[in-house]
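# Coordinate inspection notes
One letter stands for each residue in the lines below.
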Amino acid sequence: MQRTGSYKWSAALIIFLLAVYVSMTFGSFGIHENMGSRAQRAPVSASRAARVPADPRTMSCSHANRRRVISRMVLAGLGLASKLGKANANNAADSKIAMGAASTGGQSQVAAQSGIATRGVILDYSDFSGKSLQGVSFQQSIVRKVNFEKSDLSGASFFDADLFGSNFKDARLDGTNLESANLEKANFENAIINEAYISGNTVLRDINIKNSDWTDTFIRKDQLKFLCSIAEGTNPVTGVDTRESLNC
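Residues numbered from 1 in each chain as written. Predicted model: local features only at pLDDT ≥ 70, side-chain atom pairs only at ≥ 80, totals over all residues. Heavy atoms only, no water.

### Thoughts on the overall build of the protein chain
If you tally the helices and strands in the protein chain, you get five helices and zero strands. Ordering the α and β elements of the protein chain from the N terminus gives α-α-α-α-α. Out of the 248 residues in the protein chain, the part that is buried amounts to 34%. For the protein chain, long-range pairs separated by at least 24 residues make up 23% of all intrachain contacts whose partners lie at least 6 apart in sequence. Working note: accessible area of the protein chain is about 14400 Å², and carbon and sulfur atoms make up 56% of it. (Helix = DSSP H or I, 4+ residues; strand = E, 2+ residues; numbered from the N terminus. Buried < 20%, exposed > 50% of the residue type's maximum accessible area, 1.4 Å probe, protein only. Contact = heavy atoms within 4.5 Å. Areas by Shrake-Rupley, 256 points an atom, 1.4 Å probe, with all protein chains shown as cover.)

### Here's the deal with the state of the cysteines
Following the criterion strictly, the structure yields one disulfide and no others. The disulfide partner of cysteine 228 is cysteine 248, and the S-S distance across this bridge is 2.0 Å. Because the sign of the S-S torsion sets the handedness, a value of about -90° for the bond joining cysteine 228 and cysteine 248 places this disulfide among the left-handed ones. One end of the pair, cysteine 228, is in helix α4 (residues 221-230); the other, cysteine 248, is in the segment after α5 (242-245), with 20 residues separating them in the sequence. Owing to a relative accessible area of 42%, cysteine 248 belongs among the partly exposed residues under this scheme. (Disulfide = S-S within 2.5 Å.)

### Structural notes on the confidence of the model for the protein chain
Taken over all residues, the pLDDT of the protein chain has a mean of 73, while the share at 70 or more is 52%. Averaged pLDDT values over the elements of the protein chain bottom out at 47 in helix α2 (residues 46-51) and peak at 97 in α5. (pLDDT = per-residue confidence, 0-100.)

### Digging into the side chain of serine 166
With respect to the helices and strands, serine 166 occurs in the loop between α3 (56-98) and α4. At 2.7 Å, the side chain of serine 166 and the backbone oxygen of valine 143 are in polar contact. Residues within four places of serine 166 in sequence aside, it is in contact with Val143, Arg144, Lys145, Val146, Lys185, Ala186 and Asn187. (Polar contact = N/O pair within 3.5 Å; in protein donor to acceptor, adjacent residues only side chain to side chain.)

### So, the side chain of asparagine 190
Structurally, asparagine 190 can be placed in the loop between α3 and α4. Engagement of the side chain of asparagine 190 in a polar contact is seen with the side chain of asparagine 211, the distance being 3.3 Å. Beyond its immediate chain neighbours, meaning those up to four positions away, asparagine 190 contacts Lys169, Asp170, Lys210, Asn211, Ser212, Asn235 and Pro236.

### Here we look at unusual backbone geometry
Notably, aspartate 170 is not glycine yet its phi reads approximately 60°, a positive angle. Mapping aspartate 170 onto the fold places it in the loop between α3 and α4. The phi angle at aspartate 216 is positive, at roughly 60°, despite the residue not being glycine. On the accessibility criterion, aspartate 216 (60% relative accessible area) is exposed.

### Here's the deal with the packing of aromatic side chains
Taken as a whole and assessed by the stated rule, the structure comprises nine aromatic pairs. Where phenylalanine 128 meets phenylalanine 148, the ring centres are 5.6 Å apart and the plane angle is 25°; that geometry is what we call stacked. Of this pair, phenylalanine 128 sits in the loop between α3 and α4 while phenylalanine 148 sits in the loop between α3 and α4; the two residues are 20 residues apart in sequence, bridging distant segments of the chain. On the basis of an interplanar angle of 75° and a centroid distance of 5.8 Å, the ring pair of phenylalanine 138 and phenylalanine 148 is categorised as edge-to-face. Taken together, the residues phenylalanine 138 in the loop between α3 and α4 and phenylalanine 148 in the loop between α3 and α4 connect sequence positions ten residues apart. The same class applies to phenylalanine 138 as to phenylalanine 148, namely buried. Grouping aromatic residues by their ring pairs yields a cluster made of Phe128, Phe138, Phe148, Phe158, Phe168, Phe188 and Trp214. (Phe/Tyr/Trp six-rings, centres within 6.5 Å; stacked < 30°, edge-to-face > 60°.)

Here it is, written out as structure tokens:
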């Protein structure tokens, strides 16, 4: 996030300095050009020219044009900086994974990420929809209201992560570790969560598990009782009934 802000203000500063330079250069050129054209139209002696005062209308016009140039270029600079900031913000989450901030885990996974497990990463509101994140470790990270729709999270770890309000619709979570994670208000509609881990202090408050498949996932008895109370539908991919997958 600091890098994004740096790009934004650096671009704005560059455009602003360019605006000042251009306005001073062309502003001076405009004054000299007016003076030169006036000399061509009516040649006068040096002593008389010294006594001729500057035309206030010409000077005010020149200053007005200079202000307009500065204003337009500064606004253009801020607009460019804003676009750069947004572009970098969209790539920030992917960069954290590529650089190892949310790294791969699991012995069977050989992914492109660094493999150095780091913790405490903030990925709020990121969009990982449709991506292959097999074996990626998000443990003890803040991953609130993130979009994982249709992504493959098989073997991934969300141990002790905050997943408040995140979207796992149509996602695949085979063997995923959700132990001690906060899943409050998370959406698992149509998700396949086979052989996953949800024991421990996993928070399941207000979650949506419609049409999800929880086959062979180990769930604590009190958690299972809650999930069975809200379970409904059939998974569109596996054809397994949600209640049946939970052994309700």
